[in-house]
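Remarks on the overall topology
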Amino acid sequence: MTYVDPRVARSQQAFRAALLSLAAGEQERVSVTKVCTRAGLNRTTFYLHYTDVDDLLADTLEDLAGRAVVHWRADLAGQPGERFAELARQSLLSYLEHVESHRALYRWALGEQGSSTAVLRVLGGCADAVVAALAASPGAERAGTDGLRLSAFLAGAMVGVLAHWVAEAEPEPPGVLMEWLWAELTAHSRERVVRAR
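The rules behind the values
Residues numbered from 1 in each chain as written. Predicted model: local features only at pLDDT ≥ 70, side-chain atom pairs only at ≥ 80, totals over all residues. Heavy atoms only, no water. pLDDT = per-residue confidence, 0-100. Contact = heavy atoms within 4.5 Å. UniProt positions renumbered as here; feature names shortened; annotations may be inferred. Helix = DSSP H or I, 4+ residues; strand = E, 2+ residues; numbered from the N terminus. Phe/Tyr/Trp six-rings, centres within 6.5 Å; stacked < 30°, edge-to-face > 60°. Buried < 20%, exposed > 50% of the residue type's maximum accessible area, 1.4 Å probe, protein only. Lys NZ or Arg CZ within 6 Å of the ring centre and 35° of its normal.

Description of the confidence of the model for the protein
Per-residue pLDDT for the protein averages 78, and the proportion of residues at 70 or more is 71%. Taken together, the stretch residues 192–197 has pLDDT below 50 and engages in 14 contacts with residues farther than four places along the chain or on a different chain.

Right under this line is the structure:
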């Protein structure tokens, strides 16, 4: 188990809480100065932990998602086909339920004031796992460089879908979106991976 200095953990949690509070306004441009003021900490402390607000946003999203979602790369890679599909669907649903419970944060993060790059960083592991599992499935060879492109494609597609979903006035339930998204992701992945043989 990795030791984490309690002071470091407290500072990071204060910065995450400050970002969540600022992002709830949605229209506000969040700066390092505003985050530090809201957290009650100085800029020197901020830069000990993060390079910029985007880095803090990615860390905050990863922290929140990590409590609700099975980690794709660690838990899904190498699973047999049927088991992979079951775990992947559960994980995707859990992630969408997490996004729904933090809709204001994601709406801000994926809007003009936020950073889709930070969200993309969080979703990268999800896309990698889908590609890795399909590439390792019977009858498909590893996709190589094309697999790397496919991972980026899938993660980018998910960011686009999430941006549309969180902005809707009457969004469909996470379970409905999961079924549609899973069908689309796996259809594109399987087609491209098999084609790369």
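Details of the UniProt feature "DNA-binding region" (unreviewed entry) in the protein
Mapped onto the present numbering, the UniProt feature "DNA-binding region" (unreviewed entry) falls at residues 31–50. The annotated region residues 31–50 carries 75% helix and 0% strand content, and the separation between its end C-alpha atoms amounts to 13 Å.

Details of the packing of aromatic side chains
Counting across every chain of the model gives five aromatic pairs. The interplanar angle of 85 degrees and the centroid separation of 5.3 Å between the aromatic rings of Phe15 and Phe46 together place this pair among those described as edge-to-face. Of the two residues, Phe15 sits in helix α1 (residues 6–23) while Phe46 sits in helix α3 (residues 43–49), which places them 31 residues apart along the sequence. We note that Phe15, like Phe46, is buried. With centroids separated by 5.3 Å and ring planes inclined at 85 degrees, the aromatic side chains of Phe46 and Tyr47 adopt a geometry described as edge-to-face. By relative accessible area, Phe46 is classed as buried at 0%. Members of the aromatic cluster, connected to one another through ring pairs, are Phe15, Phe46, Tyr47 and Tyr50. Positioned above the aromatic ring of Trp165, the side-chain terminus of Arg103 is 4.7 Å from the ring centre.

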